[in-house]
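# A closer look at the structure
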Amino acid sequence: MFWQEDTKQAHFTLPSNIQEVSFKIQSKILPMDHSFLLAQALLKHLPWLADINAGIHDISVADGNGWEQSKQGGFYYPSKRSKLTLRITREHLKEAESLVGKTLDLGDYKIKVVQFINSKLLSTMPVLFAKQVAHDKDMSEEEFLQHCFEQLSALNINVKKMLAGLERSIQTDNGIIHTRSLMLADLNKDESVHLQEMGIGEHRLLGCGLFVAQKDIETISN
């Protein structure tokens, strides 16, 4: 009797209902803590962001070419590689492109939206990282991880590896929001995409609970 291993796997189709749209920007200087100012500026142009569970990534500035960003004094200087990235529904992609040519007013700081870069689907990578997840002020790291575990379980995500990281804070008109970073590993494709779509916790417009793909050793070797 001839036997052959069944290598057929369940077909996975990457959903397109939630996408990330990126824009090239110009700005001379930004405060490190600019999430609230950025959200308020964007809502003036795209008020529907508050109605669709959208996410706004903060504008990070990567070191490179022998230069290291000085983060002393609470400011940094966007480079040509800096970009504005929104996580929105597919139906709003065209409306988001209307940002091109606009200047976002962050009070003492300005961001010119120069060019639409692209829109892309979410990742299926097994390792995800959220720079900030909101939590109560006096929550310990252990309590934070337990709180995250409960939220992830509610999304039917089987948590295998989870690591809490740096504590940060976001200043808003209503006070300070306390956050920690969070990394998850060994997610399957469905879990990875679902978590990027849904996020955890509050304040997505401030960049909280937004997960992005990270390369791990296995991914790099493939």
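Here the structure is shown first, and the text comes after it.
The rules behind the values
- Residues numbered from 1 in each chain as written.
- Predicted model: local features only at pLDDT ≥ 70, side-chain atom pairs only at ≥ 80, totals over all residues.
- Heavy atoms only, no water.
- Pairing = 2+ DSSP bridges.
- Helix = DSSP H or I, 4+ residues; strand = E, 2+ residues; numbered from the N terminus.
- Axes fitted to C-alpha atoms, helices over the stretch in contact; angles between N-to-C directions.
- Contact = heavy atoms within 4.5 Å.
- Buried < 20%, exposed > 50% of the residue type's maximum accessible area, 1.4 Å probe, protein only.
- Polar contact = N/O pair within 3.5 Å; in protein donor to acceptor, adjacent residues only side chain to side chain.
- Phe/Tyr/Trp six-rings, centres within 6.5 Å; stacked < 30°, edge-to-face > 60°.

Here 4 strands make up an open sheet; going across it, the order is E9-E10-E8-E11 and the pairing antiparallel. One side of each edge strand has no neighbouring strand; the edge strands of this open sheet are strand E9 (161-172) and strand E11 (211-213). Between one strand axis and the next, the sheet turns by 20° as a mean value, whatever way the strands run. Pairing analysis gives 10 bridges linking E9 to strand E10 (residues 175-185), with the strands arranged antiparallel. In the sheet register, Gln171 faces E10, and the bridge partner there is Ile176. Against the sheet, helix H4 (residues 189-198) contacts strand E8 (128-135), E10 and E11, and its axis sits at roughly 40° relative to E8.

Next up on the list: the side chain of Thr85. Positionally, Thr85 belongs in strand E5 (residues 83-89). The buried category is assigned to Thr85, whose relative accessible area is 9%. Those residues within four positions of Thr85 in sequence are excluded, and the remaining contacts are Glu20, Val21, Ser22, Gly55, Ile56 and His57.

Let's shift gears to the sheet that holds strand E7 (residues 109-121). Strand order in the open sheet formed by 5 strands is E3-E5-E1-E7-E6, with antiparallel pairing between adjacent strands. Of all strands in the sheet, those bounded by a partner on one side alone are strand E3 (55-56) and strand E6 (103-106). Relative to E5, strand E1 (residues 18-26) runs antiparallel, the two being bridged by 7 bridges. Residue pairing across strands places Val21 opposite Leu86, the latter belonging to E5. Contacting E3, E5, E6 and E7, helix H1 (residues 35-45) runs over the sheet at an angle of about 135° to E6.

Glu191, Ser192, Val193, Leu195, Gln196 and Glu197 are the residues of H4 that are buried. The secondary structure elements touched by the buried residues of H4 are E1, E5, E8, helix H3 (141-154), E10 and E11. Between the side-chain oxygen of the N-cap and the backbone nitrogen of Asp190 there are 3.1 Å, and the N-cap of H4 in question is Asn188. In the stretch just after H4, Gly199 is the one whose phi turns positive, near 65°.

In this section: the packing of aromatic side chains. Under the counting rule described, the total for this entry stands at 2 aromatic pairs. Between Phe23 and Phe116 the ring centres are 6.0 Å apart and the planes differ by 70°, which places this aromatic pair in the edge-to-face class. Within this pair, whereas Phe23 is found in strand E1, its partner Phe116 is found in strand E7, the two being separated by 93 residues in sequence. Overall, the relative accessible area of 0% leaves Phe23 in the buried class. Look at Phe116 and you get partly exposed, because its relative accessible area is 27%. Ring centres of Phe75 and Tyr109 lie 6.1 Å apart, and the angle between their planes is 50°; this geometry places the pair in the tilted category. With Phe75 in strand E4 (residues 75-76) and Tyr109 in strand E7, the pair connects residues that are 34 residues apart, well separated along the chain. Relative accessible area serves as the criterion here: at 16%, Tyr109 is assigned to the buried category.

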